[in-house]
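Overview (structure and organization)
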Amino acid sequence: MAARILEAGPSPREAASYLRRYDLKRPPPTADDPGTLAAPTTAAAAIQAQAGGPSLTPSHAPPIHIALVQLQWPLPAHHAAQVAADLVALQRLAVNPVLVVDVDPPVPAASVDTEEGRSTRVPDLAARDPRAFRTAQLDACGHVARYLHAAGTPARPVASGVYHLLDGEDPATDLSPDPADLPLHIDLAPLQACLTRGTVPVLAPLAQTWHGSRYSALPLSRAVPALAARLAATPQHARLSATDPRALARAAHDPDRAFVRRCLPSKLIVVNRRGGLPGPTPFVNLAQDREVLDAALEGADGARDDLAQAHRVLAVLPPSATAVIAAAESSRAVVSHYLTDKPLVAVSLPTRGSAAAAVADAGPVPPTVLRLGVPLRVAQSMRDVDSAKLARLLESSFGRRLDRAAFFARLEHQLSAVIIAGDYVGAAIVTTEGEGIQYLDKFAVSPAVQSGGVADILWLTLRGEVAADHLVWRSRASNKVNPWYFARSDGMIKLPPPVEGGGAGKEPWTVFWYCGAGRAPDADRIDAYVAAASAVPASFV
């Protein structure tokens, strides 16, 4: 287990970020502490405080970090064992897997079942022989649970009790409408029983009618997003009277409400036999790339379906959530992604050298990491830029006060383009210096979304659309981001410390550049790069 975690190779910064994100200093929940499991909620405490009643502050109930896992089944025995071991590694890293098994039921040889669209429809066997289909689901959940148990963690098949279709109140008069037309209710009690005891729940996408006690197969496109939405929801107390202390106390101590407030679903993991999206496509910013990629995947068996499923689930999870699509044999990459919060290969790296080797080592179809992401826009005039928001972004990112008047006055004359991510959660500012030299004046990502892929998204647009021919930038020699810059440059030169009283400061600069494919600057061009970068005035005071 330790080897699997160490092989993920997080840097010290990534490891520290992981510890902060998952708050590993807190003690894990225990079944012996029912008071902790049903602790009053923060929202209820706030309502009680407004009503002037006693405080209902929770007793530091730890959050339950959840990874939703859509697992295609069956798998070869060695792949199933590997997936189970990697899921146990996640559990050791304070992430609780919740599995929904995507079963390939036995079908006749003449069946037209295909990979395409499998998550949006019910398998043929479910309509022909519901009993046989349910048996296949139960067997699959049992097999998966046994693999997890063998890998070192308790697991429980959950074939019923979670999904409920709200049918008519009188089963005798129920006309058996299409299950797709019935409202779906998620009961979290079976999950709470598992997760609060360190047991991995293994769910079958089967729904039980609320009154008729019949079972219906749910398409994965409905089962997984509905579960994600329920786990990510925060129950509201809008209908509670702020003057009724007893109602507030009941709400505060309601185990279901308290459990949901502790749930923090942060990942969707789709484990299949195909692997990630073809291309290969190591990273997808859904806000920017989904439509183009969806068209490009026309005819790609299953890949388009996985893309749509990732979008459905991420749309109901917190904005920081990510999805990973990986083959069972590449499931170890999931552990790496959890620790680093990054794709297997940094997508903004040029595909050469070690980056290309990493893709090759990942297998024929490497994993794909997807984020709901942020839309990008490119402004070529300061009239299209909110200067106040941009200044706040730069100051929060660099941790220094911007000389706003001088900085924006310079941009009025020198600006080439500004790439803006979302509502100013990231930006890349390019100016034109000297004899047409494209200079990266500022590259900033808000601390609130760092490690969220925004830097890679910005860099891809920067190199692909805004400054494809060449780009020059500078960085202080002590800047911790320099290794990231170095990996994305074609060359660099370290300048000597500036003479006392001259330059922007006493600390020396490192000048980086990249050029178009197959091009290398000569000595004169490099001198021009250095001169342009050295002449840019300081921006912060």
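None of the values given here were measured: they were computed from a predicted structure. (Residues numbered from 1 in each chain as written. Predicted model: local features only at pLDDT ≥ 70, side-chain atom pairs only at ≥ 80, totals over all residues. Heavy atoms only, no water.)

1. Quick look at the confidence of the model for the chain
When pLDDT is averaged along the chain, the result is 79, and 71% of the positions lie at 70 or above. Taken together, the stretch residues 107-113 has pLDDT below 50 and engages in 6 contacts with residues farther than four places along the chain or on a different chain. In this model, residues 236-241 is a region of pLDDT below 50 whose contacts with residues beyond four sequence positions or in other chains number 12 contacts. (pLDDT = per-residue confidence, 0-100. Contact = heavy atoms within 4.5 Å.)

2. Regarding the sheet that holds strand 10 (residues 283-285)
With mixed pairing, the 8 strands of this open sheet are ordered in space as 3-6-2-1-9-11-12-10. Where the open sheet ends on each side, the last strands, each with one partner, are strand 3 (155-158) and strand 10. Neighbour-to-neighbour, the strand axes of this sheet turn through a mean angle of 20°, independent of strand direction. For strand 10 and strand 12 (residues 368-371), the ladder comprises 3 bridges, and the chain directions are parallel. Its bridge partner being in strand 12, asparagine 285 is matched across the sheet by arginine 371. Packing of helix 9 (residues 220-232) onto the sheet brings it into contact with strand 1 (64-73), strand 2 (96-103), strand 6 (200-203) and strand 9 (263-272), and relative to strand 1 it is tilted by some 175°. (Pairing = 2+ DSSP bridges. Helix = DSSP H or I, 4+ residues; strand = E, 2+ residues; numbered from the N terminus. Axes fitted to C-alpha atoms, helices over the stretch in contact; angles between N-to-C directions.)

3. Considering the nonpolar core
Inside soluble globular proteins, nonpolar side chains tend to come together where they are buried. In terms of nonpolar packing, the biggest core is built from 60 residues, with Leu71, Leu99, Leu440 and Leu462 touching the most fellow members. Residues within four places of leucine 99 in sequence aside, it is in contact with Val69, Leu71, Leu87, Val144, Leu148, Val200, Pro201, Val202 and Leu203. Judged by nonpolar contacts, the second largest core, of 44 residues, contains Leu195, Leu203, Cys263 and Ala303. (Core = buried A, V, L, I, M, F, W, Y, C linked by side-chain atoms within 4.5 Å. Buried < 20%, exposed > 50% of the residue type's maximum accessible area, 1.4 Å probe, protein only.)

4. Here we look at the sheet that holds strand 7 (residues 206-209)
Strand order in the open sheet formed by 4 strands is 5-4-7-8, and the pairing between neighbours is mixed. Since the sheet does not close on itself, it has two edges, and those belong to strand 5 (184-186) and strand 8 (215-217), each with one partner. Put simply, the sheet's adjacent strands are angled 35° from each other on average, direction ignored. When strand 7 meets strand 8, the two strands line up antiparallel, connected through 3 bridges. Across the sheet, the residue bridging to alanine 207 is serine 216, located in strand 8. Sitting on the sheet, helix 9 is in contact with strand 4 (163-165) and strand 5, with an inclination near 50° to strand 5.

5. Observations concerning unusual backbone geometry
The step from tryptophan 73 to proline 74 runs through a cis peptide bond, and the omega angle for that step is 10°. One can find proline 74 in the loop between strand 1 and helix 5 (77-92). Cis rather than trans, the peptide bond between glycine 279 and proline 280 has omega equal to -10°. At alanine 94, a position not held by glycine, the phi torsion is positive, near 70°. Looking at the element boundaries, alanine 94 is found in the loop between helix 5 and strand 2. Although it is not a glycine, tyrosine 424 sits at a positive phi angle of roughly 60°. Within the fold, tyrosine 424 resides in the loop between strand 14 (415-421) and strand 15 (426-433).

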